[in-house]
Amino acid sequence: RFIAKPCAINLGIQDSGPHRAQPNAILEKVFTSITKSPDGKRLEGLSKQLDWDVRKIQRWFRHRRNQDKPTTLTKFCESMWRFTFYLSIFFYGIRFLWTAPWFWDTRQCWYNYPFQPLTSRLYYYYILELAFYWSLMFSQFTDIKRKDFLIMFVHHLATIGLITFSYMNNMVRVGTLVLCLHDASDFLLEAAKLANYAKYQRLCDAFFMLFGVVFIVTRLGIYPFWILNTTLFESWELIGPYPSWWLFNGLLVTLQLLHIIWSYLIIRTASKALVRGKVSKDDRSDVESSSEEEDLTSNSTKGIFSTSSNGSNRLNGHVAGGQWTGE
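Residues numbered from 1 in each chain as written. Predicted model: local features only at pLDDT ≥ 70, side-chain atom pairs only at ≥ 80, totals over all residues. Heavy atoms only, no water.

Quick notes on the overall build of the protein chain
Okay, so step 1: Counting secondary structure elements, the protein chain contains 13 helices and two strands.
Okay, so step 2: For the protein chain, buried positions account for 50% of its 327 residues.
Okay, so step 3: A fraction of 76% describes how many contacts in the protein chain between residues 6 or more apart in sequence connect residues 24 or more apart.
Okay, so step 4: Total accessible area on the protein chain is roughly 16,800 Å²; 62% of this is exposed by carbon and sulfur atoms. (Helix = DSSP H or I, 4+ residues; strand = E, 2+ residues; numbered from the N terminus. Buried < 20%, exposed > 50% of the residue type's maximum accessible area, 1.4 Å probe, protein only. Contact = heavy atoms within 4.5 Å. Areas by Shrake-Rupley, 256 points an atom, 1.4 Å probe, with all protein chains shown as cover.)

Quick look at the structure:
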């Protein structure tokens with residue numbers, strides 16, 4: 001309210017929503033009481049009842065769905081808050097772990113386990129991360145619903161379960177490594193979103209490419225060969241098959257499966273942009289275009305218009321921000 005909003009206004013981001021649908025009592029009743037996406041049969045019936053073209057009715061429903069979406073200013077403020085948190089907690093974690101012996105030698109995570117001291121800095125690191133992921137769990141139901149809703153829901157459940165479980169079992173050393181590793185790329189994605197909302201397209205593309213590289217290196221490289229190696233093999237070697245070994249590693253492996261899915265989406269997005277020089281709508285985003293021009297020219301320009309996460313269309317030779325920031 002006091003920092004992000006003034007920044008957005010200085011960048012020229014207006015607090016205006018998408019194009020509003022033309023008032024129509026009949027269509028509004030269908031939208032609120034029956035369906036927000038009518039099928040072909042219902043569209044034909046409404047067309048006869050109102051003497052409207054089917055395409056016009058489809059456009060009305062699309063505009064009506066989009067007008068309930070949050071404004072670009074609102075999403076800029078939300079992304080700036082997340083960017084601030086991710087960046088701050090990442091540097092806090094790096095500064096804290098830089099002097100920790102288990103950061104350089106993962107076997108230190110299991111020496112003298114479970115009799116390892118819980119320092120105040122480690123405690124606050126855990127509590128802040130747990131509180132933030134609980135907030136993400138709750139806000140997911142009020143944010144824009146995307147096609148990867150279920151994946152994100154599983155991710156948040158697994159993360160909260162891991163943080164809570166590792167804290168209760170005093171596996172906080174390896175837990176800090178997992179947390180810091182996941183924070184390494186998240187602030188870059190939020191930075192790409194901020195650049196997209198401010199319409200700095202080249203900066204958005206650069207941030208997303210950097211995010212993709214860091215994400216793949218940390219989630220497909222460091223995580224399995226560093227984190228999973230110590231939880232699966234080094235822990236078994238040093239302290240034996242403790243009772244919760246299967247549950248703990250099961251949650252960690254679940255995260256790895258999610259990493260693979262997201263890495264595939266990132267690589268597919270980047271490859272489309274590099275090969276074709278243009279991308280179509282983000283496969284994970286359900287935000288729809290509210291532009292009438294897209295309806296009129298959809299047959300001749302299919303695949304050129306890209307829908308950004310703020311619902312606006314862009315036509316250019318660069319990678320579209322909506323493809324980058326579909327989250």
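Now that the structure has been shown, the text picks up again.
Some points on unusual backbone geometry
Okay, so step 1: Looking along the chain, the bond that leaves Tyr113 and enters Pro114 is cis, with omega of 5°.
Okay, so step 2: If you check the backbone angles, Asp51 has positive phi at about 60° while not being a glycine.
Okay, so step 3: Note on placement: Asp51 falls in the loop between helix H3 (40-50) and helix H4 (54-66).
Okay, so step 4: You can call Asp51 exposed: its relative accessible area is 72%.

A short note on the side chain of Arg219
Okay, so step 1: Along the polypeptide, Arg219 turns up in helix H10 (residues 201-239).
Okay, so step 2: Here Asp186 takes part through its side chain, which lies 3.5 Å from a polar atom of the side chain of Arg219. (Polar contact = N/O pair within 3.5 Å; in protein donor to acceptor, adjacent residues only side chain to side chain.)

Some details on the pattern of salt bridges
Okay, so step 1: Tallied over the entire structure, the rule returns four salt bridges.
Okay, so step 2: Close ionic contact of Asp186 with Arg219 constitutes a salt bridge, the shortest N to O distance being 3.5 Å. Taken together, the positions of Asp186 in helix H9 (residues 172-197) and Arg219 in helix H10 put the pair 33 residues apart, joining distant regions of the chain. By the burial criterion, Asp186 is buried, and Arg219 matches it. (Salt bridge = Lys/Arg side-chain N within 4 Å of Asp/Glu carboxyl O.)

Some points on helix H7 (residues 120-139)
Okay, so step 1: A rise of 1.5 Å per residue sets the reference length of H7, with its 20 residues, at 28 Å; its end C-alpha atoms lie 29 Å apart and thus fit the reference within 8%.
Okay, so step 2: Elements in contact with the buried residues of H7: helix H5 (72-97), helix H6 (101-104), helix H8 (149-168) and H9. (Expected span 1.5 Å × (residues − 1).)

Digging into the packing of aromatic side chains
Remark: the centre distance and the inter-plane angle together describe each pair of aromatic rings, the angle taken between the planes.
Okay, so step 1: For the structure shown, the criterion picks out 26 aromatic pairs.
Okay, so step 2: With 6.1 Å between their ring centres and 35° between their planes, Tyr126 and Tyr167 make a pair best called tilted. Of this pair, Tyr126 sits in helix H7 while Tyr167 sits in helix H8, and the two are 41 residues apart along the sequence.
Okay, so step 3: Each residue in the set Trp81, Phe85, Tyr86, Phe132 and Tyr133 is aromatic and connected to the rest through ring pairs, giving one cluster.
Okay, so step 4: The side chain of Lys56 reaches across the aromatic face of Trp52, ending 4.4 Å from its centre. (Phe/Tyr/Trp six-rings, centres within 6.5 Å; stacked < 30°, edge-to-face > 60°. Lys NZ or Arg CZ within 6 Å of the ring centre and 35° of its normal.)

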